[in-house]
Amino acid sequence: MGIVAGHPDVSTWGGTPTEMQARLGQSHAERALVLTFDRIAPHVFQTLAENFANVASSMYEVLQDRQDPASLERLAEVMVPRTPPPARLLKEAAMLVRARKAVLDSGDWLTAADLAQLAGLSTRNASAQPNKWKKQGQIFAIHHGGVDYFPGYGLDRDTGFRPMKALARIIEVFAGRKDGWGMAYWFLSDNSFLGGRRPQDLLACAPEQVIEAARDEVREIAHG
């Protein structure tokens, strides 16, 4: 657990939930604000902790004395990136936002609880079986807002809404090349190998064609 320097009256800590609980148990602070991260790289976490410390210290000073122009200037400095992001980065970010919104708006995604109910699984621990399928490579998921969502088009109605066998073969083809979001984009996009049709629309009726389309996609990636 690390403690980032800041204002004398404001402390910013970083670490695991267990470390934070122990630290809070020893604290005599009047109030505490806690942020949690499900998945984050250590170096990214450290950078965020340092930035939050700067923001917290500056905001505290501003709130203590709203009329202090110097404090307002410092707050503005820490809230704005040190250098403007390049136009390319902004363009890529906008494209990513649109792509993810298109996936989410497609309405083909189920939570573990939804999937468990649909497949007649135990609802006591609804995420157990879907997560087991994901771990075994039988189905994939996209992670959004702290929740895993599973593709409804990857389920076979004839087997009680279990994952389609073809889906596991496609996941294997894309292993190490596309993550959950990457596969979601691919399934949703018009595919020239499939005559302009979307892979997710053909998965149930023409699984072998979709598998070949996935292999063709990997060949294109390999050849740049």
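A separate point is the overall build of the protein. Counting its secondary structure elements, the protein contains 10 helices and 7 strands. Counting over 224 residues, the protein shows a buried share of 31%. Put simply, of all contacts in the protein between residues at least 6 apart along the chain, 51% involve residues at least 24 apart. Working note: accessible area of the protein is about 14,900 Å², and carbon and sulfur atoms make up 53% of it.

Moving on: the packing of aromatic side chains. The description of an aromatic ring pair rests on the distance of the ring centres and on the angle between the ring planes. A full pass over the atoms with the stated rule returns 7 aromatic pairs. With a centroid separation of 5.9 Å and 10 degrees between ring planes, the pair formed by Phe140 and Phe187 is classed as stacked. Here Phe187 lies in helix H8 (residues 180–188) and Phe140 lies in the loop between helix H6 (128–135) and strand E4 (142–144), a separation of 47 residues in the sequence. We note that Phe140, like Phe187, is buried. A ring pair is formed by Tyr153 and Phe187, whose centres lie 5.2 Å apart and whose planes are at 40 degrees; its orientation type is tilted. Placement of the pair is Tyr153 in the loop between strand E5 (147–151) and strand E6 (155–156) and Phe187 in helix H8, with a sequence separation of 34 residues.

For the rest of this paragraph, the subject is the confidence of the model for the protein. Across the protein, the average pLDDT comes to 82, with 77% of residues at or above 70. Taken as a whole, residues 3–7 scores under 50 in pLDDT and shows 12 contacts with residues more than four places along the chain or in a different chain.

At 3.6 residues per turn, the α-helix brings residues three or four places apart onto the same side. All of the buried residues along helix H7 (residues 165–174) are Ala166, Leu167, Ile170, Ile171, Val173 and Phe174. One side of H7 carries all its buried residues, which in axial view fall inside an arc of 155 degrees. Projecting away from the buried face of H7 at angles above 90 degrees are the exposed residues Lys165 and Glu172. Here the buried face of H7 lies against H8 and helix H10 (207–222). In the segment just after H7, Gly176 is the residue with positive phi, at about 80 degrees.

Attention shifts here to the pattern of salt bridges. Within this structure, the stated rule accounts for 8 salt bridges. Here Glu208 makes a salt bridge to Arg169, at a shortest N to O gap of 2.9 Å. Here Glu208, found in helix H10, pairs with Arg169, found in helix H7; they are 39 residues apart in sequence, far enough to count as distant. What makes Arg169 partly exposed here is its relative accessible area of 35%. Salt-bridge contacts for Lys178 lead to Glu217; the nearest nitrogen and oxygen are separated by 3.3 Å. Of this pair, Lys178 sits in the loop between H7 and H8 while Glu217 sits in helix H10, placing them 39 residues apart in sequence.

Parameters and conventions
- Residues numbered from 1 in each chain as written.
- Predicted model: local features only at pLDDT ≥ 70, side-chain atom pairs only at ≥ 80, totals over all residues.
- Heavy atoms only, no water.
- Helix = DSSP H or I, 4+ residues; strand = E, 2+ residues; numbered from the N terminus.
- Buried < 20%, exposed > 50% of the residue type's maximum accessible area, 1.4 Å probe, protein only.
- Contact = heavy atoms within 4.5 Å.
- Areas by Shrake-Rupley, 256 points an atom, 1.4 Å probe, with all protein chains shown as cover.
- Phe/Tyr/Trp six-rings, centres within 6.5 Å; stacked < 30°, edge-to-face > 60°.
- pLDDT = per-residue confidence, 0-100.
- Arc of directions from axis to C-beta.
- Salt bridge = Lys/Arg side-chain N within 4 Å of Asp/Glu carboxyl O.

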